[in-house]
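# Breakdown of the fold
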Amino acid sequence: MSTVIDDILGTSSVSSSLAERDRRYVARPTTRIPVAVEGGEGAYLIDADGRRLLDLTSGWNVANTGWNHPRVIAALAAQASQMPFAPPWCTHDGRSRVAERLNELLGGGYKALCGATGSEAVEAALKVARRATGRQAVVGFTQAYHGGTLGAMQAGGVPELQGIDVPATEYHRHVPIPDALRAQGRDYASLVRESLRATPEPAAILLESVFTNPGVISGDDAFYRAVQEGAREVGALVIVDEVGTGFGRTGRDFGYQHRGLDPDIVVVAKALTSGAVPMAGALIRDELASAVAGPGFSSTFGWTPIACAAALASLDVIRDEGLTERAAVLGERAIERLSPLVAEVQAVADVRGLGLELGIEFTDAEGRPFARPPMENLTSRLLRRGIFAEPSAYTSTLLLMPPLVISDEQWMGALDAIAEEILDMDRAGEWK
Ligand SMILES: Cc1ncc(COP(=O)(O)O)c(C=O)c1O
(Lines give C-alpha, C1' and ligand atoms only; values in the text may rest on other atoms or scores of the structure.)
Protein backbone atom coordinates (compact mmCIF):
# COMPACT_ATOMS: atom_id res chain seq x y z
CA MET A 1 0.00 0.00 0.00
CA SER A 2 2.96 2.31 -0.11
CA THR A 3 2.80 3.48 -3.73
CA VAL A 4 1.19 6.87 -3.67
CA ILE A 5 -0.17 7.96 -7.01
CA ASP A 6 -0.85 11.47 -8.13
CA ASP A 7 -4.55 11.01 -8.52
CA ILE A 8 -5.35 14.61 -9.27
CA LEU A 9 -2.85 17.12 -8.13
CA GLY A 10 -0.03 15.14 -6.64
CA THR A 11 -1.48 14.99 -3.16
CA SER A 12 -3.71 11.95 -3.33
CA SER A 13 -3.02 9.25 -0.82
CA VAL A 14 -4.74 6.54 -2.83
CA SER A 15 -2.44 3.61 -3.48
CA SER A 16 -2.27 2.73 -7.17
CA SER A 17 -3.59 -0.83 -6.83
CA LEU A 18 -6.50 0.35 -4.72
CA ALA A 19 -7.32 3.16 -7.14
CA GLU A 20 -7.15 0.80 -10.13
CA ARG A 21 -9.41 -1.76 -8.45
CA ASP A 22 -11.86 0.98 -7.48
CA ARG A 23 -11.99 2.36 -11.02
CA ARG A 24 -12.40 -1.12 -12.50
CA TYR A 25 -15.20 -2.36 -10.24
CA VAL A 26 -16.94 0.57 -8.54
CA ALA A 27 -19.45 2.82 -10.29
CA ARG A 28 -18.84 6.31 -8.94
CA PRO A 29 -20.34 9.68 -9.82
CA THR A 30 -16.84 11.22 -9.93
CA THR A 31 -13.39 9.96 -10.93
CA ARG A 32 -11.72 12.07 -8.27
CA ILE A 33 -10.42 10.09 -5.28
CA PRO A 34 -8.53 12.47 -2.99
CA VAL A 35 -7.95 10.07 -0.11
CA ALA A 36 -8.22 6.35 0.64
CA VAL A 37 -9.25 6.11 4.29
CA GLU A 38 -8.32 3.27 6.56
CA GLY A 39 -9.08 4.55 10.02
CA GLY A 40 -10.12 7.45 12.17
CA GLU A 41 -9.27 8.93 15.52
CA GLY A 42 -11.25 11.83 16.94
CA ALA A 43 -11.08 14.61 14.34
CA TYR A 44 -8.41 12.79 12.30
CA LEU A 45 -8.83 10.51 9.33
CA ILE A 46 -5.99 8.07 8.78
CA ASP A 47 -5.19 7.31 5.17
CA ALA A 48 -3.93 4.16 3.48
CA ASP A 49 -0.33 5.29 4.00
CA GLY A 50 -0.85 5.87 7.71
CA ARG A 51 -0.90 9.67 7.30
CA ARG A 52 -3.10 11.54 9.77
CA LEU A 53 -5.34 14.13 8.13
CA LEU A 54 -7.23 16.66 10.20
CA ASP A 55 -10.74 16.28 8.83
CA LEU A 56 -12.82 19.41 8.14
CA THR A 57 -15.69 17.57 6.41
CA SER A 58 -17.06 15.13 9.01
CA GLY A 59 -17.90 13.05 5.91
CA TRP A 60 -20.43 15.82 5.09
CA ASN A 61 -21.78 16.41 8.58
CA VAL A 62 -21.86 12.81 9.73
CA ALA A 63 -19.01 12.31 12.23
CA ASN A 64 -20.12 15.00 14.70
CA THR A 65 -18.71 13.00 17.66
CA GLY A 66 -15.52 12.21 15.74
CA TRP A 67 -14.55 9.16 13.73
CA ASN A 68 -14.37 6.51 16.42
CA HIS A 69 -15.80 7.79 19.67
CA PRO A 70 -15.16 5.05 22.27
CA ARG A 71 -18.67 5.31 23.74
CA VAL A 72 -20.29 4.90 20.31
CA ILE A 73 -17.99 1.99 19.45
CA ALA A 74 -18.69 0.28 22.79
CA ALA A 75 -22.46 0.65 22.31
CA LEU A 76 -22.19 -0.84 18.82
CA ALA A 77 -20.13 -3.78 20.02
CA ALA A 78 -22.50 -4.53 22.89
CA GLN A 79 -25.60 -4.40 20.68
CA ALA A 80 -23.90 -6.41 17.89
CA SER A 81 -23.31 -9.28 20.24
CA GLN A 82 -26.89 -9.14 21.58
CA MET A 83 -29.03 -8.51 18.45
CA PRO A 84 -28.14 -6.14 15.60
CA PHE A 85 -31.41 -6.44 13.68
CA ALA A 86 -35.03 -6.99 14.67
CA PRO A 87 -38.16 -7.63 12.60
CA PRO A 88 -39.23 -4.12 11.57
CA TRP A 89 -42.88 -4.75 12.44
CA CYS A 90 -41.91 -5.55 16.05
CA THR A 91 -40.56 -2.95 18.42
CA HIS A 92 -37.58 -2.86 20.76
CA ASP A 93 -36.37 -0.75 23.63
CA GLY A 94 -33.88 1.32 21.61
CA ARG A 95 -36.42 2.54 19.07
CA SER A 96 -38.81 4.14 21.53
CA ARG A 97 -35.93 5.54 23.57
CA VAL A 98 -34.41 7.32 20.55
CA ALA A 99 -37.85 8.64 19.55
CA GLU A 100 -38.32 9.95 23.10
CA ARG A 101 -34.89 11.63 23.14
CA LEU A 102 -35.44 13.30 19.77
CA ASN A 103 -38.85 14.48 20.89
CA GLU A 104 -37.23 16.15 23.89
CA LEU A 105 -34.75 17.96 21.63
CA LEU A 106 -37.64 19.21 19.49
CA GLY A 107 -39.64 20.45 22.48
CA GLY A 108 -42.30 17.70 22.36
CA GLY A 109 -45.29 16.86 20.17
CA TYR A 110 -43.60 14.76 17.47
CA LYS A 111 -43.62 11.10 16.44
CA ALA A 112 -40.79 9.37 14.62
CA LEU A 113 -41.23 7.75 11.22
CA CYS A 114 -38.25 5.41 10.93
CA GLY A 115 -35.93 5.00 7.96
CA ALA A 116 -32.29 4.37 7.09
CA THR A 117 -31.09 7.21 4.83
CA GLY A 118 -31.69 10.93 4.54
CA SER A 119 -33.24 10.55 1.09
CA GLU A 120 -35.68 7.94 2.38
CA ALA A 121 -36.70 10.17 5.29
CA VAL A 122 -37.24 13.15 2.93
CA GLU A 123 -39.49 10.91 0.80
CA ALA A 124 -41.38 9.85 3.92
CA ALA A 125 -41.87 13.50 4.90
CA LEU A 126 -43.26 14.34 1.43
CA LYS A 127 -45.61 11.34 1.55
CA VAL A 128 -46.94 12.32 4.97
CA ALA A 129 -47.47 15.92 3.81
CA ARG A 130 -49.41 14.76 0.75
CA ARG A 131 -51.56 12.28 2.66
CA ALA A 132 -52.25 14.74 5.46
CA THR A 133 -53.20 17.66 3.20
CA GLY A 134 -54.70 15.69 0.31
CA ARG A 135 -52.58 17.88 -2.00
CA GLN A 136 -49.60 17.23 -4.31
CA ALA A 137 -47.49 20.34 -4.87
CA VAL A 138 -44.23 21.03 -3.06
CA VAL A 139 -42.40 24.34 -2.97
CA GLY A 140 -38.62 23.80 -2.86
CA PHE A 141 -35.49 25.87 -3.49
CA THR A 142 -33.09 26.15 -6.42
CA GLN A 143 -29.78 24.31 -5.84
CA ALA A 144 -31.11 22.64 -2.68
CA TYR A 145 -30.12 18.98 -2.39
CA HIS A 146 -32.39 16.67 -0.42
CA GLY A 147 -31.15 13.29 -1.63
CA GLY A 148 -30.72 11.06 -4.64
CA THR A 149 -34.14 9.39 -4.79
CA LEU A 150 -36.67 10.57 -7.36
CA GLY A 151 -39.04 12.43 -5.04
CA ALA A 152 -36.21 14.15 -3.19
CA MET A 153 -34.56 15.17 -6.47
CA GLN A 154 -37.83 16.58 -7.81
CA ALA A 155 -38.49 18.58 -4.66
CA GLY A 156 -34.88 19.78 -4.48
CA GLY A 157 -33.53 22.13 -7.09
CA VAL A 158 -30.13 20.82 -8.15
CA PRO A 159 -30.08 22.14 -11.73
CA GLU A 160 -28.44 19.19 -13.50
CA LEU A 161 -30.85 16.75 -11.89
CA GLN A 162 -33.93 18.42 -13.35
CA GLY A 163 -35.37 17.34 -16.66
CA ILE A 164 -33.36 14.25 -17.62
CA ASP A 165 -32.68 12.19 -14.48
CA VAL A 166 -35.77 13.57 -12.83
CA PRO A 167 -39.04 13.69 -14.71
CA ALA A 168 -40.31 17.27 -14.64
CA THR A 169 -43.43 17.62 -12.56
CA GLU A 170 -46.08 20.25 -12.64
CA TYR A 171 -46.41 19.76 -8.88
CA HIS A 172 -43.14 21.38 -7.94
CA ARG A 173 -42.00 24.96 -7.86
CA HIS A 174 -38.47 26.12 -7.08
CA VAL A 175 -37.85 29.44 -5.38
CA PRO A 176 -34.35 31.02 -5.48
CA ILE A 177 -32.25 30.24 -2.42
CA PRO A 178 -31.73 33.37 -0.28
CA ASP A 179 -28.27 34.10 -1.61
CA ALA A 180 -27.28 37.48 -0.17
CA LEU A 181 -24.11 37.73 -2.27
CA ARG A 182 -26.02 37.56 -5.56
CA ALA A 183 -29.26 39.20 -4.39
CA GLN A 184 -29.05 42.24 -6.75
CA GLY A 185 -31.93 43.84 -4.94
CA ARG A 186 -34.02 40.68 -4.82
CA ASP A 187 -36.35 40.42 -1.85
CA TYR A 188 -36.24 36.70 -1.05
CA ALA A 189 -38.95 36.94 1.61
CA SER A 190 -41.44 38.34 -0.92
CA LEU A 191 -40.41 35.73 -3.49
CA VAL A 192 -41.24 32.92 -1.05
CA ARG A 193 -44.61 34.41 -0.14
CA GLU A 194 -45.49 34.98 -3.80
CA SER A 195 -44.45 31.43 -4.76
CA LEU A 196 -46.51 29.90 -1.99
CA ARG A 197 -49.53 31.95 -3.07
CA ALA A 198 -49.00 31.18 -6.76
CA THR A 199 -48.61 27.41 -6.31
CA PRO A 200 -51.93 25.63 -6.76
CA GLU A 201 -52.76 23.70 -3.57
CA PRO A 202 -49.29 23.36 -2.03
CA ALA A 203 -48.90 20.40 0.34
CA ALA A 204 -45.59 21.61 1.80
CA ILE A 205 -42.57 23.83 1.60
CA LEU A 206 -39.24 22.00 1.95
CA LEU A 207 -36.12 23.85 3.08
CA GLU A 208 -32.87 23.62 5.05
CA SER A 209 -32.07 25.92 7.97
CA VAL A 210 -28.72 26.46 6.23
CA PHE A 211 -28.58 25.40 2.57
CA THR A 212 -25.41 23.33 2.78
CA ASN A 213 -24.75 21.97 -0.69
CA PRO A 214 -25.04 25.33 -2.50
CA GLY A 215 -22.30 26.64 -0.18
CA VAL A 216 -23.66 27.29 3.35
CA ILE A 217 -26.30 29.84 2.35
CA SER A 218 -28.86 31.26 4.78
CA GLY A 219 -31.67 33.77 4.65
CA ASP A 220 -32.36 36.61 7.05
CA ASP A 221 -35.10 36.65 9.71
CA ALA A 222 -37.63 38.09 7.25
CA PHE A 223 -37.02 35.17 4.90
CA TYR A 224 -37.73 32.49 7.54
CA ARG A 225 -40.77 34.46 8.77
CA ALA A 226 -42.07 34.53 5.21
CA VAL A 227 -41.59 30.74 4.94
CA GLN A 228 -43.48 30.08 8.17
CA GLU A 229 -46.28 32.64 7.79
CA GLY A 230 -46.61 32.12 4.04
CA ALA A 231 -47.01 28.36 4.50
CA ARG A 232 -49.65 28.78 7.21
CA GLU A 233 -51.54 31.27 5.08
CA VAL A 234 -51.97 28.76 2.22
CA GLY A 235 -52.32 25.63 4.40
CA ALA A 236 -48.94 24.12 3.43
CA LEU A 237 -46.84 22.15 5.91
CA VAL A 238 -43.30 23.29 6.76
CA ILE A 239 -40.72 20.50 6.30
CA VAL A 240 -37.22 21.30 7.54
CA ASP A 241 -34.43 19.08 6.25
CA GLU A 242 -31.94 18.86 9.15
CA VAL A 243 -30.01 15.98 7.60
CA GLY A 244 -26.82 18.05 7.49
CA THR A 245 -27.53 20.68 10.14
CA GLY A 246 -28.77 18.51 13.01
CA PHE A 247 -27.22 17.31 16.24
CA GLY A 248 -25.28 20.34 17.39
CA ARG A 249 -23.67 21.20 14.07
CA THR A 250 -24.90 24.82 13.98
CA GLY A 251 -24.55 25.50 17.70
CA ARG A 252 -28.16 24.48 18.50
CA ASP A 253 -29.65 20.98 18.58
CA PHE A 254 -31.18 21.70 15.15
CA GLY A 255 -30.45 24.59 12.83
CA TYR A 256 -34.12 25.62 12.51
CA GLN A 257 -34.06 26.56 16.20
CA HIS A 258 -32.03 29.66 15.23
CA ARG A 259 -34.67 30.64 12.71
CA GLY A 260 -37.87 30.96 14.71
CA LEU A 261 -39.42 28.20 12.57
CA ASP A 262 -42.15 25.96 13.95
CA PRO A 263 -41.86 22.98 11.58
CA ASP A 264 -44.53 20.34 11.02
CA ILE A 265 -41.91 17.79 9.98
CA VAL A 266 -38.19 17.66 10.79
CA VAL A 267 -36.00 15.29 8.77
CA VAL A 268 -32.88 13.87 10.47
CA ALA A 269 -30.16 11.40 9.43
CA LYS A 270 -26.36 11.50 9.08
CA ALA A 271 -24.96 12.47 12.51
CA LEU A 272 -27.79 10.74 14.40
CA THR A 273 -25.56 7.68 14.81
CA SER A 274 -22.25 9.50 14.18
CA GLY A 275 -22.27 7.56 10.92
CA ALA A 276 -21.78 4.22 12.65
CA VAL A 277 -24.92 2.67 11.12
CA PRO A 278 -27.41 4.20 8.64
CA MET A 279 -30.39 5.69 10.47
CA ALA A 280 -32.81 8.47 9.55
CA GLY A 281 -36.20 9.75 10.54
CA ALA A 282 -39.03 12.06 9.59
CA LEU A 283 -40.19 13.53 12.88
CA ILE A 284 -43.82 14.41 12.31
CA ARG A 285 -46.25 16.34 14.46
CA ASP A 286 -48.53 14.10 16.51
CA GLU A 287 -51.60 15.25 14.60
CA LEU A 288 -50.05 14.04 11.30
CA ALA A 289 -49.53 10.49 12.58
CA SER A 290 -52.81 9.21 11.16
CA ALA A 291 -51.38 9.89 7.66
CA VAL A 292 -48.87 7.11 8.29
CA ALA A 293 -50.74 4.04 7.09
CA GLY A 294 -50.10 1.26 4.63
CA PRO A 295 -47.05 -0.40 3.13
CA GLY A 296 -45.60 2.80 1.63
CA PHE A 297 -44.22 3.75 5.03
CA SER A 298 -42.34 0.65 6.16
CA SER A 299 -38.57 0.34 6.04
CA THR A 300 -36.75 -2.95 6.64
CA PHE A 301 -33.64 -1.25 7.99
CA GLY A 302 -35.42 1.61 9.73
CA TRP A 303 -34.11 2.03 13.28
CA THR A 304 -32.57 -1.37 13.86
CA PRO A 305 -31.42 -2.20 17.42
CA ILE A 306 -27.77 -1.61 16.45
CA ALA A 307 -28.57 1.76 14.87
CA CYS A 308 -30.56 2.82 17.92
CA ALA A 309 -27.70 1.81 20.24
CA ALA A 310 -25.33 3.98 18.21
CA ALA A 311 -27.83 6.86 18.20
CA LEU A 312 -28.36 6.78 21.97
CA ALA A 313 -24.60 6.74 22.55
CA SER A 314 -24.07 9.62 20.09
CA LEU A 315 -26.82 11.71 21.67
CA ASP A 316 -25.27 11.04 25.11
CA VAL A 317 -21.81 12.09 23.89
CA ILE A 318 -23.15 15.31 22.30
CA ARG A 319 -24.94 16.19 25.57
CA ASP A 320 -22.25 15.07 28.04
CA GLU A 321 -19.34 16.68 26.18
CA GLY A 322 -21.25 19.90 25.47
CA LEU A 323 -20.54 19.55 21.75
CA THR A 324 -23.41 21.80 20.67
CA GLU A 325 -22.16 24.69 22.80
CA ARG A 326 -18.65 23.97 21.56
CA ALA A 327 -19.76 24.24 17.94
CA ALA A 328 -21.20 27.69 18.66
CA VAL A 329 -17.98 28.94 20.28
CA LEU A 330 -15.59 27.45 17.70
CA GLY A 331 -17.74 28.79 14.88
CA GLU A 332 -17.51 32.33 16.22
CA ARG A 333 -13.74 32.03 16.50
CA ALA A 334 -13.54 30.93 12.88
CA ILE A 335 -15.60 33.87 11.63
CA GLU A 336 -13.35 36.21 13.65
CA ARG A 337 -10.15 34.60 12.36
CA LEU A 338 -11.13 34.36 8.69
CA SER A 339 -13.34 37.42 8.06
CA PRO A 340 -10.40 39.84 7.58
CA LEU A 341 -9.51 37.83 4.44
CA VAL A 342 -12.49 39.41 2.66
CA ALA A 343 -10.71 42.79 2.75
CA GLU A 344 -7.22 41.34 2.23
CA VAL A 345 -7.75 39.03 -0.75
CA GLN A 346 -9.87 40.04 -3.73
CA ALA A 347 -10.86 36.44 -4.45
CA VAL A 348 -12.39 35.96 -0.97
CA ALA A 349 -15.99 37.09 -1.39
CA ASP A 350 -17.51 35.94 1.88
CA VAL A 351 -16.88 34.10 5.14
CA ARG A 352 -20.14 32.81 6.59
CA GLY A 353 -21.91 30.14 8.57
CA LEU A 354 -23.43 29.09 11.81
CA GLY A 355 -21.61 27.06 14.46
CA LEU A 356 -19.34 24.55 12.74
CA GLU A 357 -21.27 24.76 9.47
CA LEU A 358 -19.00 27.25 7.70
CA GLY A 359 -17.93 28.31 4.24
CA ILE A 360 -15.38 30.60 2.60
CA GLU A 361 -16.67 31.70 -0.79
CA PHE A 362 -14.25 32.67 -3.57
CA THR A 363 -15.18 34.58 -6.71
CA ASP A 364 -13.24 35.91 -9.70
CA ALA A 365 -12.81 39.60 -10.50
CA GLU A 366 -16.28 39.64 -12.10
CA GLY A 367 -17.88 38.08 -9.04
CA ARG A 368 -18.38 34.69 -10.73
CA PRO A 369 -17.61 31.32 -9.15
CA PHE A 370 -14.20 29.88 -9.98
CA ALA A 371 -13.86 26.76 -12.10
CA ARG A 372 -12.23 23.77 -10.44
CA PRO A 373 -8.51 24.58 -10.77
CA PRO A 374 -7.96 27.20 -8.07
CA MET A 375 -10.25 25.36 -5.64
CA GLU A 376 -8.41 22.09 -6.19
CA ASN A 377 -5.13 23.91 -5.85
CA LEU A 378 -6.29 25.16 -2.44
CA THR A 379 -7.52 21.76 -1.25
CA SER A 380 -4.33 20.06 -2.45
CA ARG A 381 -2.19 22.65 -0.65
CA LEU A 382 -4.21 21.90 2.50
CA LEU A 383 -3.82 18.14 2.01
CA ARG A 384 -0.06 18.61 1.87
CA ARG A 385 -0.34 20.25 5.29
CA GLY A 386 -2.37 17.33 6.60
CA ILE A 387 -5.78 19.06 6.39
CA PHE A 388 -8.72 17.51 4.58
CA ALA A 389 -11.31 20.02 3.30
CA GLU A 390 -13.51 20.05 0.21
CA PRO A 391 -15.36 22.68 -1.86
CA SER A 392 -19.13 22.88 -2.38
CA ALA A 393 -20.75 21.92 -5.64
CA TYR A 394 -22.28 25.14 -7.00
CA THR A 395 -20.44 28.12 -5.70
CA SER A 396 -16.69 27.97 -5.24
CA THR A 397 -16.98 27.75 -1.49
CA LEU A 398 -14.56 25.88 0.76
CA LEU A 399 -16.74 24.05 3.28
CA LEU A 400 -15.49 23.83 6.87
CA MET A 401 -17.49 21.30 8.89
CA PRO A 402 -15.12 19.50 11.25
CA PRO A 403 -16.13 16.91 13.82
CA LEU A 404 -17.48 18.83 16.83
CA VAL A 405 -14.83 17.13 19.01
CA ILE A 406 -12.00 19.00 17.24
CA SER A 407 -9.72 20.55 19.90
CA ASP A 408 -9.17 24.31 20.20
CA GLU A 409 -5.56 23.84 19.14
CA GLN A 410 -6.41 21.68 16.12
CA TRP A 411 -9.11 24.12 14.99
CA MET A 412 -7.10 27.31 15.38
CA GLY A 413 -4.10 25.61 13.72
CA ALA A 414 -6.27 24.60 10.76
CA LEU A 415 -7.72 28.12 10.41
CA ASP A 416 -4.20 29.62 10.45
CA ALA A 417 -3.09 27.15 7.78
CA ILE A 418 -6.14 27.93 5.60
CA ALA A 419 -5.55 31.69 5.89
CA GLU A 420 -1.85 31.26 5.09
CA GLU A 421 -2.54 29.19 1.97
CA ILE A 422 -5.19 31.60 0.69
CA LEU A 423 -2.79 34.53 1.14
CA ASP A 424 0.07 32.59 -0.43
CA MET A 425 -2.07 31.74 -3.47
CA ASP A 426 -2.94 35.43 -3.75
CA ARG A 427 0.75 36.46 -3.68
CA ALA A 428 1.53 33.80 -6.30
CA GLY A 429 -1.31 35.04 -8.56
CA GLU A 430 -3.06 31.67 -8.39
CA TRP A 431 -6.60 33.02 -7.89
CA LYS A 432 -7.61 33.08 -11.51
C1 LIG B 1 -29.51 18.29 3.21
C2 LIG B 1 -29.51 16.85 2.78
N3 LIG B 1 -30.68 16.19 2.75
C4 LIG B 1 -30.74 14.89 2.38
C5 LIG B 1 -29.60 14.20 2.01
C6 LIG B 1 -29.69 12.77 1.60
O7 LIG B 1 -29.17 11.93 2.58
P8 LIG B 1 -28.66 10.45 2.22
O9 LIG B 1 -27.42 10.62 1.38
O10 LIG B 1 -28.42 9.81 3.56
O11 LIG B 1 -29.74 9.78 1.48
C12 LIG B 1 -28.37 14.86 2.05
C13 LIG B 1 -27.13 14.15 1.67
O14 LIG B 1 -26.07 14.68 1.52
C15 LIG B 1 -28.32 16.22 2.44
O16 LIG B 1 -27.16 16.89 2.48
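What you are looking at is a predicted structure, and each value in this text was computed from that prediction instead of being measured.

All told, the structure shown has 30 salt bridges when counted by the stated rule. The salt bridge partner of R319 is D316, with a shortest N-O separation of 3.2 Å. Taken as a pair, R319 and D316 lie in helix α9 (residues 305-320) at a separation of 3 residues, close to a single helical turn. Salt bridges here are not isolated pairs; linked through shared partners, they connect R381, R385, E420, E421, D424, R427 and E430.

Attention now goes to the sheet that holds strand β6 (residues 172-175). Adjacent strands of a sheet form backbone hydrogen bonds with each other and so pair up, either parallel or antiparallel. With mixed pairing, 7 strands are arranged side by side in an open sheet as β4-β10-β9-β8-β7-β5-β6. Only two strands of the sheet have a single neighbouring strand rather than two, namely β4 (110-115) and β6. When the angles between neighbouring strand axes are averaged without regard to direction, this sheet yields 20°. Examined bridge by bridge, strand β9 (residues 265-268) and strand β10 (residues 280-285) share 4 bridges and lie antiparallel to one another.

With that settled, the discussion passes to the site of the ligand. Taken together, T117, G118, S119, Y145, H146, G147, E208, N213, D241, V243 and K270 are the residues near the ligand. Within the side chain of S119, one N or O atom sits 2.5 Å away from an oxygen atom of the ligand. At 3.4 Å, a side-chain N or O of N213 approaches an oxygen atom of the ligand. Protein chains bury 81% of the 390 Å² of accessible surface belonging to the ligand in isolation. Across the shell around the ligand, the residue classes break down as 2 nonpolar, 6 polar and 3 charged.

This paragraph deals with the sheet that holds strand β15 (residues 397-400). Across the sheet, which stays open at both edges, the 4 strands sit in the order β11-β12-β15-β14 with antiparallel pairing between neighbours. Because the sheet does not close on itself, it has two edges, and the strands there are β11 (348-354) and β14 (390-391). By the bridge criterion, 4 bridges tie strand β12 (residues 357-362) to β15 in an arrangement that is antiparallel. Bridging across to β15, G359 finds its partner in L399.

What follows concerns the domain arrangement of the protein. Segmenting the protein into domains produces domain 1 (16-65 + 322-427) and domain 2 (70-320). Inter-centroid distance (C-alpha atoms) of domain 1 to domain 2 is 25 Å. Taken together, the contacts link 35 residues of domain 1 with 35 residues of domain 2. Seen at the junction of domain 1 and domain 2, the total is 1 salt bridge. Put simply, E361 and R182 hold a salt bridge, and the shortest N to O gap is 2.8 Å. Summed over the shared surface of domain 1 and domain 2, the number is 19 residue pairs in polar contact (both at pLDDT 80 or more). Looking at the side of domain 1 that touches domain 2 element by element, the count peaks at 5 residues for β11. Considering only residue class, the side of domain 1 that touches domain 2 consists of 17 nonpolar, 14 polar and 4 charged.

The subject of this paragraph is a negative patch on the surface. On the surface, D187, E194, D220 and D221 cluster together into a negatively charged patch. Locating D221 in the fold gives a position in helix α8 (residues 221-234). The exposure class of D221 is exposed, given its relative accessible area of 56%.

Now for unusual backbone geometry. Backbone geometry at E201 places phi at a positive 45°, although glycine is not the residue there. By the secondary structure assignment, E201 is in the loop between α7 (188-198) and β7 (202-207). Despite not being glycine, W303 has its phi angle at roughly 60°, a positive value.

Further remarks concern the packing of aromatic side chains. The full count for this structure, using the stated rule, is 8 aromatic pairs. Geometrically, the ring pair formed by F254 and Y256 is stacked, given 6.3 Å between the ring centres and 15° between the ring planes. The two residues F254 and Y256 agree in class, both being buried. With 5.5 Å between their ring centres and 40° between their planes, F370 and W431 make a pair best called tilted. Of the two residues, F370 sits in the loop between β12 and α12 (372-384) while W431 sits in the segment after α13 (408-427), which places them 61 residues apart along the sequence. Residue F370 is classed as buried on the basis of its relative accessible area of 12%. Taken together through their ring pairs, the aromatic side chains of F141, F211, F223 and Y224 make up a single cluster. The ring centre of Y44 lies 4.4 Å from the NZ or CZ of R52, which sits over that ring. Residue placement shows K127 over the ring face of F297; its charged tip is 5.5 Å from the ring centre.

The rules behind each value
Residues numbered from 1 in each chain as written. Predicted model: local features only at pLDDT ≥ 70, side-chain atom pairs only at ≥ 80, totals over all residues. Heavy atoms only, no water. Salt bridge = Lys/Arg side-chain N within 4 Å of Asp/Glu carboxyl O. Helix = DSSP H or I, 4+ residues; strand = E, 2+ residues; numbered from the N terminus. Pairing = 2+ DSSP bridges. Axes fitted to C-alpha atoms, helices over the stretch in contact; angles between N-to-C directions. Near = heavy atom within 4 Å. Polar contact = N/O pair within 3.5 Å; in protein donor to acceptor, adjacent residues only side chain to side chain. Areas by Shrake-Rupley, 256 points an atom, 1.4 Å probe, with all protein chains shown as cover. Nonpolar A, V, L, I, M, F, W, Y, C, P; charged D, E, K, R; others polar. Domains from an automatic or database assignment. Contact = heavy atoms within 4.5 Å. Patch = residues over 30% accessible without salt bridge, like charges linked within 9 Å, V, L, I, M, F, W, Y side chains within 5 Å. Lys, Arg positive; Asp, Glu negative; His and termini not counted. Charge placed at Lys NZ, Arg CZ, Asp CG, Glu CD. Buried < 20%, exposed > 50% of the residue type's maximum accessible area, 1.4 Å probe, protein only. Phe/Tyr/Trp six-rings, centres within 6.5 Å; stacked < 30°, edge-to-face > 60°. Lys NZ or Arg CZ within 6 Å of the ring centre and 35° of its normal.

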